[in-house]
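Overview (structure and organization)
Now for the letters of each chain:
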Amino acid sequence: MATTTLSKPALQPKGYAETVANRRAKTPLSRILATVVVSVLAVAWLVPFAWATVTALKSETDAASTPISWIPASGFTFDAFAKVLQSGNIPTWTLNSLFTSAAITAITLVISASVAYAISRIDFRGKRMLMGVIVASIIIPPPVLIIPLFQQMQSLNLIDTYWALILPQVIHSPMVFVLKKFFDQIPRELEEAALMDGAGRLRIFTTIVLPLSRPILAAVAIFVFIGAWNNFLWPFIATNESSLLTLPVGLQTIKSAYGIQYAQNMASALLAALPLIVVFLFFQRQIIRGVATTGLAGT
Amino acid sequence: MSTARTTAPPAKPAPAVKPAPAAKSLRSRRDNLHGWAFSAPFLAFFLMFLVWPMISGAVMSLTGKSLTGANSGFIGLANYSEAFADSDMWRSLGNTLYFTLISTVPLVVIALALAALVNMGLPAQWLWRLSFFSPFLLASTVVSLFFAWMYNPELGLFNDMLANLGIPPVAWLNDPAVAMWAVVIATVWWTIGFNFLLYLAALQNIPQQHYEAASLDGAGGWRQFFSISLPQLGPTTVMIVILQILASLKVFDQIYQMTEGGPGGATRSIVQYIFEAGFTGYRLGYSAAISYIFFGLILLIALAQVFITRKRSA
């Protein structure tokens, strides 16, 4: 993303780098000013993390004493983290979140990519109507479905199962649209040749189209995974049993359980935040590119 | 929207031997089969977990069904007429619109300002993205725990900072006049990174030549921003605003977690009202009716969007 202009030097007129350098050199003051403003804001943006971390590293007594302080009177301690890890269900909830989000992402990718491929490449009767219905469904807000979905899951006896968490979360109509647009751009010649050689549709799809679509598949996977990992309302409704809760829902029960254990609250929140933050640190580029390419997908 | 292709691509050279009509119909029959086979898995989920709930929800909204399963007989439009006369429903709807208004403005304006600043060729690009985008990766519950703690009247960071400035403490989440703003501050912190990234990507797609030409003509930074960047960002802004409005209208998580809709219903959103009518009031039929009223509102906004974008492009 940041390197779009740099990766295509052939397209730039001669002396491009020089001009940019000039432009930048000419206005050092405004750039310094911008850097200062952005730095102040960035620090402000990190304050909630920092304050949560400092609180989590205090004893409960220090966390609840006034006047508040960034440096606790009795020193930093890992007590809150230890207590939360011993008594709470955070490891279980993390695994639940990981499992359900991975399942949702995998199913979404498979079913969305194959329908998008059909619409992009195969001339079958009714496909325009199918695409129309899928695009129109983008407008349906998920909260509208919670009451009938709950009823449905109840009559299927799936409340308090992983199925109830996974099944209703795999329809991502905007992603079908994103994938179809990408498939449309893949040259048809590659497939025509394979078709001539007698390869079936499924083989063409899995051996030619999907490998060429890795970047968009990754982007869609990232987007769906983050959404599933952080989803609150539906998992909150679909599960009650503590051993089945996902992280966001589990945290909500912790909050009501240890209302005034501030250090433990913050330790739990940080432990819940950790997995995705770590993933982000490793895959920053891919995640940012994924969000930028799929972010306006609802359009 | 690109349209589906019903004939073979014209660019393809004509085959040496024209296929017999029988072969052609065989091929189209095979295509029909393959097309629907590839669509079947998505379609199955789509029908089961989207179309069916939409239908059963509509039916349910015409009954007096309760969470226990009792009273599932038809009562016509009674739920709808009750909802339209329900002052709590209107209040929740009003709260939702208020939240949407006061959250959309900063979430668009600040995101644009941040992106424009970062795009001025600042060093350490990854650092700014990391700072502003990382909160977006947090679950709502984490954000709510962080902010509820900072909003704590005696032990919170916000009142401590105010005290340092000599300002009396504020009852952030307990004051009906302030609570919604407190929720908005948390929401801006949480989700601004998303719009920021979209704006940053859009800014980087503006060809540098435009700026070069302008600076040769002596246009300064401000001038360049207002007469090049802003107009070029028009379509992106329209989309970001629409997506933000639609997202804000669905607000539930952070409000429910931080204030439970309080104090005294001052922050209760329409989605929370749907949730409560169904799961604490046990009235599924009534809750389904309110869901459909909410859906009607979303549809109206979507139609307005189509109308506006048509007009722009016309």
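Bear in mind the structure is a predicted one, so any value in this text is a computation, not a measurement.

Conventions used here
Residues numbered from 1 in each chain as written. Chains lettered and ligands numbered in written order. Predicted model: local features only at pLDDT ≥ 70, side-chain atom pairs only at ≥ 80, totals over all residues. Heavy atoms only, no water. Axes fitted to C-alpha atoms, helices over the stretch in contact; angles between N-to-C directions. Helix = DSSP H or I, 4+ residues; strand = E, 2+ residues; numbered from the N terminus. Parallel < 35°, antiparallel > 145°, perpendicular 65-115°, else oblique. Left-handed = near helix turned anticlockwise from the far one by under 90°. Contact = heavy atoms within 4.5 Å. Nonpolar A, V, L, I, M, F, W, Y, C, P; charged D, E, K, R; others polar. Phe/Tyr/Trp six-rings, centres within 6.5 Å; stacked < 30°, edge-to-face > 60°. Buried < 20%, exposed > 50% of the residue type's maximum accessible area, 1.4 Å probe, protein only. Lys NZ or Arg CZ within 6 Å of the ring centre and 35° of its normal. pLDDT = per-residue confidence, 0-100.

1. Quick word on the packing of helix α6 (residues 90–121) of chain A against helix α13 (residues 214–230) of chain A
Residues and elements named next belong to chain A. Across the interface, α6 lies against α13 with an axial gap of 9 Å and an inter-helix angle of 140°. Looking at the two axes, α6 sits oblique to α13. In terms of crossing hand, the pair formed by α6 and α13 is right-handed. Contact residues: Thr94, Ser97, Leu98, Ser101, Ala102, Ile104, Thr105, Thr108, Leu109 and Ala113 in α6; Leu217, Val220, Ala221, Val224, Phe225, Ala228 and Trp229 in α13. Each residue belonging to the contact of α6 with α13 can be placed in one class, and the counts come to twelve nonpolar, five polar and no charged.

2. Looking at the packing of aromatic side chains
Counting across every chain of the model gives 40 aromatic pairs over all chains. Between Phe232(A) and Phe236(A) the ring centres are 4.8 Å apart and the planes differ by 20°, which places this aromatic pair in the stacked class. Like Phe232(A), the residue Phe236(A) is buried in the burial classification. Here Tyr151(B) and Phe158(B) contribute two aromatic rings whose centre-to-centre distance is 4.9 Å and whose plane-to-plane angle is 20°, an arrangement assigned as stacked. The exposure classification of Tyr151(B) matches that of Phe158(B), with both residues buried. Members of the aromatic cluster, each reached through a chain of ring pairs, are Phe49(A), Phe146(B), Phe147(B), Tyr151(B), Phe158(B), Trp172(B) and Trp189(B). One cation-aromatic arrangement involves Arg283(B) over Tyr286(B); the distance from NZ or CZ to the ring centre is 4.3 Å.

3. Points about helix α6 (residues 157–164) of chain B
Turning to α6(B), its buried residues are Leu157(B), Phe158(B), Asn159(B) and Leu162(B). Buried residues in α6(B) make contact with α3 (28–56) of chain A together with α5 (140–150) of chain B. Just downstream of α6(B) lies Gly166(B), where phi reads positive at about 80°.

4. Quick word on the confidence of the model for chain A
Residues and elements named next belong to chain A. Of all residues in chain A, 88% attain a pLDDT of 70 or more, and the chain-wide mean is 83. Helix α1 (residues 4–7) is the least confidently modelled element of chain A, averaging 35 in pLDDT, while α6 averages 94, the highest of any element. Considering only residues more than four positions removed or in separate chains, one finds that residues 1–25, a stretch of pLDDT under 50, has 25 contacts.

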